[in-house]
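Here is how the chains run, residue by residue.
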Amino acid sequence: LVDCWPHEFLDLLCGATRPAAIAGATVLSLAARRRRKEEEERQAAEVRAQAEAKTEALRRQKEQQRLLERIQNYLLSQQMKKAQEAAARQAQHRALDAKIERMEAEEERRWQSAHTPASPAFDMAKWKQRDYAESARWEQQQAYQRYRQGEQAGYAASAPQESKPWWQRAIENVKTFVQSEAQKFRTWNTIRNDYGWTPIGVFSQQELNMIAETGKDISAYVNTLSPGNGQAWVKSYLPAVITHWTLPPIKGEAGGKTLSFGEKTYSLPFELPAKVDMFGRPMGLPGMVILPHNWETGYTNPKSMPLAHEFGHVWDARTGNISLQGIVNGVADQLNTFIGGTVVEQNGSRFADGSGKDFIPQEYWYGNDKNSTYEYKTYAQNSTADYLCETFNALIYSTQTFPKPEVGQWLEIVIKMQADNLGKAANANSTAIAPIPAPTAPSAATPIPSQTPDVGGRQ
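Let me begin by describing the structure that accompanies this report.

## Considering the nonpolar core
Judged by nonpolar contacts, the single largest core of 50 residues is most densely connected at Trp197, Ile218, Trp233, Phe311 and Trp315. Of the residues forming this core, the biggest block, 8 residues, is contributed by helix H4 (residues 205-225). Look past the residues within four positions of Trp233 in its chain and what remains in contact with it is Ile218, Val222, Leu238, Trp315, Phe392, Ile415, Gln418, Ala419 and Leu422.

What follows is the structure in structure tokens.
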């Protein structure tokens, strides 16, 4: 049929369909180009969004860094300001103390000169005459006794050796006593000057030696953490009056439980930093350690228990405050908080016997060391205060292993920071103590690592 169509008609038909085909191809090409352009724009938008997110993250990081730097600078400036203020106060107190001491010394000198009677002159001639008479009488008595012995026993072939005169024996006894007391005084003076401890009452040489050795052990250990600052740390954070229980043991019954007083060791927290005397000076009284009689022989290792243990209580009192619950906000509270305890949160008793298990996580209990022969290895759970003392005891004398290593490490960090601050203050020719932050009525503050709580101190 097509062959029958005229060529003119075929040319007309092909010319009419060609533009339509071209237009369709053009539409398809434009649509494909638009889709490619939209895809490229979408990819470009994603790249821009990622770049903007990275830029925003960097900006936020820089802002946080600047904020942290501002906070650190502010804390540092506040710490320096407090240290300067504390140094100024200490300088004023020292000047006032020196003035008062001069006035007191002058008043004492005047009083002594007014009330001291003139001693009578020593009459050497009378003393010699009396001494010669006593010696002659004693020799006569000895000769008569030898004569009577010779009559009764046929008189020995060789005469017995003569004993020393009574006055010579008396002089030797006095000399021995004076030497003994002089040695005790030297040991007592060493304890007071080197460690800030004051033994009051009658102490034997053995007791004084044991107290001095304990101070030496503690300061030596602190020196391993902060070289050269061991004695300064002991004098600043463990000052104590040491005495004996003066009454005989008292026993009785209360609620079916036997009570005994005077047969164990006590530590009384007499740290009263908020009080001032009549001249406006702070009265930082030391703690008191009361020892039972025969304590130096009644314990397996008296330097460890009771001495080091009780000085742990003194440290707690030195860094905390006294309340009805015991010593609060001190190093014992902060240690309990660090191990996840709840004594601060529940405001529980810090000293009541048996209360420690209620506030100390069981995974931090002592007593799991089967190789330990330490007789008080479970005493740490007695109270949160005793937990600190037994941790301090284990740190100094290795009485037992820590339930977890971080317990001893935390205590070492606190001691090192306190001792380092004392060393810095000494190097700056200042007596101001710059301890780690104190709770109420505190003085200077020093930050402690973020994983540990704050532990207080006294100026």
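On we go.
## Regarding the side chain of Asp386
Its location among the elements puts Asp386 in helix H10 (residues 384-397). Judged by its relative accessible area of 5%, Asp386 is buried. Separated by 2.9 Å, the side chains of Asp386 and Ser383 make a polar contact. Other than its neighbours up to four places away in sequence, Asp386 contacts His309, His313, Tyr379 and Ala380.

## Structural notes on the packing of aromatic side chains
Inspection of the entire model under this criterion finds 11 aromatic pairs. Measuring from centroid to centroid gives 6.1 Å for Phe185 and Trp188, while their planes differ by 20°, and the two rings are stacked. Of this pair, Phe185 and Trp188 both sit in helix H3 (residues 166-195), 3 residues apart, roughly one helical turn. Owing to a relative accessible area of 25%, Trp188 belongs among the partly exposed residues under this scheme. An angle of 55° between the planes, with centres 5.7 Å apart, marks the rings of Trp315 and Phe392 as tilted. Here Trp315 is found in helix H7 (residues 303-319), whereas its partner Phe392 is found in helix H10, with 77 residues between them in sequence. Trp315 sits in the buried class, given a relative accessible area of 0%.

## Some remarks on the packing of H10 against helix H11 (residues 405-427)
At a minimum axis distance of 10 Å, the contact between H10 and H11 shows a crossing angle of 85°. On the basis of their axis angle, the class for H10 and H11 is roughly perpendicular. Residue-level contacts link Tyr387, Leu388, Thr391, Phe392 and Leu395 of H10 to Val407, Gly408, Leu411, Glu412 and Ile415 of H11.

## So, the pattern of salt bridges
Inspection of every chain in the model, using the stated rule, returns 12 salt bridges. The salt bridge involving Asp420 is made with Lys416; its shortest N-O contact spans 3.2 Å. In this pair, Asp420 and Lys416 both sit in helix H11, 4 residues apart, roughly one turn of the helix. Asp420 gets classed as partly exposed once you look at its relative accessible area, which sits at 24%.

## Details of the pairing of strand E6 (residues 287-291)
Counting buried residues along E6, 4 of its 5 residues qualify, which places the element largely inside the surrounding structure. Inspection of the sheet shows strand E2 (residues 240-244) paired to E6 by 5 bridges, in the parallel sense. Bridge pairing in E6 links Ala240 to Gly287.

## Things to note about a positive patch on the surface
Side chains of Arg33, Arg34, Arg35 and Arg36 sit close together on the surface and give a patch of like positive charge. Within the secondary structure, Arg35 is located in helix H1 (residues 7-115).

## Details of the side chain of Thr391
Relative to the elements of secondary structure, Thr391 occurs in helix H10. A relative accessible area of 0% means that Thr391 is categorised as buried. Of the polar contacts made by the side chain of Thr391, one reaches the backbone oxygen of Tyr387; its length is 2.7 Å.

## A word on unusual backbone geometry
Each neighbour pair has its own omega, and for Met305 with Pro306 the value is 25°, a cis peptide bond. Not every positive phi belongs to a glycine, and Asn347 is a case in point at roughly 50°. Tracing the chain through its elements places Asn347 in the loop between helix H9 (343-346) and H10. Non-glycine residue Ser398 carries a positive phi angle of around 50°. Mapped onto the elements of the fold, Ser398 is located in the loop between H10 and H11.

Criteria and thresholds
Residues numbered from 1 in each chain as written. Predicted model: local features only at pLDDT ≥ 70, side-chain atom pairs only at ≥ 80, totals over all residues. Heavy atoms only, no water. Core = buried A, V, L, I, M, F, W, Y, C linked by side-chain atoms within 4.5 Å. Buried < 20%, exposed > 50% of the residue type's maximum accessible area, 1.4 Å probe, protein only. Helix = DSSP H or I, 4+ residues; strand = E, 2+ residues; numbered from the N terminus. Contact = heavy atoms within 4.5 Å. Polar contact = N/O pair within 3.5 Å; in protein donor to acceptor, adjacent residues only side chain to side chain. Phe/Tyr/Trp six-rings, centres within 6.5 Å; stacked < 30°, edge-to-face > 60°. Axes fitted to C-alpha atoms, helices over the stretch in contact; angles between N-to-C directions. Parallel < 35°, antiparallel > 145°, perpendicular 65-115°, else oblique. Salt bridge = Lys/Arg side-chain N within 4 Å of Asp/Glu carboxyl O. Pairing = 2+ DSSP bridges. Patch = residues over 30% accessible without salt bridge, like charges linked within 9 Å, V, L, I, M, F, W, Y side chains within 5 Å. Areas by Shrake-Rupley, 256 points an atom, 1.4 Å probe, with all protein chains shown as cover. Lys, Arg positive; Asp, Glu negative; His and termini not counted. Charge placed at Lys NZ, Arg CZ, Asp CG, Glu CD.

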